[in-house]
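Structural overview for review
Single-letter residue listing:
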Amino acid sequence: IQEPTEKSRKHVDQLQSDETFCDVTLVSTKGEQFSAHKVVISACSTQLQSMLKPLPGWQHPVLLMPKDIPTEDLRDILAFMYSGEVWTHLFFLLL
């Protein structure tokens, strides 16, 4: 298996931003909804994988995220899962 190329990363990122074939919804504590792909988030998180694995494949689950994960952090986590990078302000790194 080869390392993903920049082109393949952009295709996967585009699938997520277009919400193409998304099969799971993550909901932040503020009620903001994020569409994602089970296979992507499961590959990046054993916790999410253990939540999704027992569910039937045809089901489109809605996962309510814990209160200690702010909406902005959830957005950044998903961005990292899809693109392998995250942009943030220096201020937040110093906290």
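Placed above this text is the structure.
Right, let's walk through the structure included here. As a convention, each chain's residues are numbered from 1 in the sequence order in which they are written. The predicted nature of this model means local features are confined to residues of pLDDT at least 70 and side-chain atom pairs, given and counted, to a pLDDT of 80 or more, with totals for whole chains, interfaces and linings taken over all residues. Side-chain figures throughout are based on the complete set of non-hydrogen atoms in the structure, without hydrogens or water.

Attention now goes to the pattern of salt bridges. Any two side chains of opposite charge can pair, so long as their charged atoms come close to each other. Counted as salt bridges are all cases of a side-chain nitrogen of Lys or Arg within 4 Å of a carboxyl oxygen of Asp or Glu. If you walk through the whole model with that rule in mind, you get two salt bridges. Among the salt bridges present, the one from Lys30 reaches Glu72, with a minimum N-O distance of 3.3 Å. Here Lys30, found in the loop between strand S1 (24-27) and strand S2 (33-36), pairs with Glu72, found in helix H4 (residues 71-83); they are 42 residues apart in sequence, far enough to count as distant. A simple rule labels every residue: compare its accessible area, found with a 1.4 Å probe on the protein chains alone, to the largest value its type can have, and call it buried under 20%, exposed over 50%, or partly exposed in between. Glu72 gets classed as partly exposed once you look at its relative accessible area, which sits at 39%. Arg75 is paired through a salt bridge with Glu32; the nearest N and O atoms lie 2.9 Å apart. Remark: Glu32 occurs in the loop between S1 and S2 and Arg75 occurs in helix H4; sequence separation between them is 43 residues. Taking the relative accessible area as the measure of exposure, Glu32 reaches 32% and is therefore partly exposed. Only DSSP runs of H or I covering at least 4 residues are called helices, and only runs of E covering at least 2 are called strands; the numbering of each starts at the N terminus.

For the purposes of this section, nonpolar cores are sets of buried Ala, Val, Leu, Ile, Met, Phe, Trp, Tyr and Cys residues that join through side-chain atoms within 4.5 Å. Core analysis: the largest hydrophobic core is formed by 14 residues, its most contacted members being Val24, Leu26, Ala36, Ile41, Leu78 and Met81. Breaking this core down by element, the ones donating at least two residues are S1, S2, helix H2 (38-44), helix H3 (46-52) and H4. By residue number, the principal contributor to this core is H4, which donates four residues. If we ignore the near neighbours within four places in the chain, the residues touching Leu78 are Leu26, Phe34, Ala36 and Ile41. Throughout, a contact is declared for two residues whenever any of their heavy atoms are within 4.5 Å.

The next subject is the environment of Gln16. Looking at the secondary structure, you find Gln16 in helix H1 (residues 6-17). Those residues in contact with Gln16, other than ones at most four positions away along the chain, are Cys22, Ser35, His37 and Tyr82.

Strands qualify as paired when DSSP identifies two bridges or more between them. Read across the sheet, three strands follow the order S2-S1-S3 without closing on themselves; strand pairing throughout is mixed. Where the open sheet ends on each side, the last strands, each with one partner, are S2 and strand S3 (62-64). Sheet twist, expressed as the average angle between the axes of neighbouring strands with direction ignored, equals 25°. Sheet topology note: the S1/S2 ladder contains four bridges and is antiparallel. Bridged to Val24 within S2 is Ala36. Interaxial angle, 0 to 180 degrees, is taken between N-to-C directions of lines fitted to C-alpha atoms, where a helix line uses only the stretch in contact. Strand contacts of H4: S1 and S2, with the helix running at about 10° to S2, the strand carrying the most contacts.

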